[in-house]
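As a plain string of letters, each chain reads:
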Amino acid sequence: MPEATDLPVSEYAFPGSLRDQLVGAILSGEKTSTTSLVAGYELEGEPLPAVGDRGIVIDSAGEPVCVEEITEVRIVRLADVDLEHAIAEGEGYTTVAAWRAGHEEFWHSSEFRGEMGDANFTVDDDTRAVLVRFRVLPN
């Protein structure tokens, strides 16, 4: 892994089986995109990701597994997520509807709602999503 002691941590989902699945897909090259919500960045007061940003991807144990570099960022309505992005997430989605259902299950989970500080948090067609493409930097 490249020297990355000063890079921010990049976490996928929450520690556990989903994170392990996502990290495995990143390391295998199947996962080259990801989705987050603008609302999460606003809640944390963090800037949106930008092309060229790098981060240390960690596994469920908090161990660094690779360094990623953002190559593209798009802000779109959830209703406007395209099939190319859904497939590039590397989670086996073959339709946007399946991608949306899987992501809504995550965003409507008690764990995510707890992170958002809103037990009734929901998304809809107009929710703004951050679509990120990335590449894993060579060791």
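For the structure, see preceding data.
Residues numbered from 1 in each chain as written. Predicted model: local features only at pLDDT ≥ 70, side-chain atom pairs only at ≥ 80, totals over all residues. Heavy atoms only, no water.

Engineer: Talk me through the nonpolar core; I want residue IDs and the actual numbers.
Structural biologist: Here is a general trend for soluble globular proteins: nonpolar side chains tend to be buried in one another's company. Core analysis: the biggest nonpolar cluster contains 15 residues, and Leu 78, Trp 99, Trp 107 and Phe 112 have the highest contact counts within it. Secondary-structure elements contributing two or more residues to this core are helix H4 (96-107), helix H5 (110-116) and strand E5 (128-136). Contact partners of Leu 78, with chain neighbours within four places excluded, come to Trp 99, Arg 100, Trp 107, Val 123, Asp 124, Asp 125, Thr 127 and Ala 129. Of all hydrophobic cores here, the second largest spans 7 residues; its members include Leu 22, Val 23, Val 57 and Cys 66. (Core = buried A, V, L, I, M, F, W, Y, C linked by side-chain atoms within 4.5 Å. Buried < 20%, exposed > 50% of the residue type's maximum accessible area, 1.4 Å probe, protein only. Helix = DSSP H or I, 4+ residues; strand = E, 2+ residues; numbered from the N terminus. Contact = heavy atoms within 4.5 Å.)

Engineer: Kindly report on helix H1 (residues 17-28), identifying the contributing residues and their values.
Structural biologist: For H1, which comprises 12 residues, the first-to-last C-alpha distance of 16 Å matches the rise-based estimate of 16 Å (1.5 Å per residue) to within 8%. Taken as a whole, H1 has its buried residues at Arg 19, Leu 22, Val 23, Ala 25 and Ile 26. Looking down the long axis of H1, one finds its buried residues gathered within 160° of arc, a one-sided arrangement. Against strand E3 (54-58), strand E4 (64-77) and E5 lie the buried residues of H1. (Expected span 1.5 Å × (residues − 1). Arc of directions from axis to C-beta.)

Engineer: Give a description of the pairing of E5 that names residues and reports values.
Structural biologist: Inspection of the sheet shows strand E2 (residues 33-37) paired to E5 by 5 bridges, in the antiparallel sense. Bridge assignment links Ser 33 to a residue of E5, and that residue is Arg 133. (Pairing = 2+ DSSP bridges.)

Engineer: For unusual backbone geometry, give the residues involved together with the corresponding values.
Structural biologist: The residue Ala 13 is not glycine, and still its phi comes out positive at about 55°. You can see Ala 13 is positioned in the loop between strand E1 (9-10) and H1.

Engineer: Quick one: what's the story with the side chain of Arg 19, residue by residue and with numbers?
Structural biologist: With respect to the helices and strands, the residue Arg 19 is situated in helix H1. Take Arg 19: its relative accessible area is 2%, and that puts it in the buried class. Setting aside chain neighbours within four positions, we find Arg 19 in contact with Glu 11, Tyr 12, Ala 13, Phe 14, Ile 58, Asp 59 and Ser 60.

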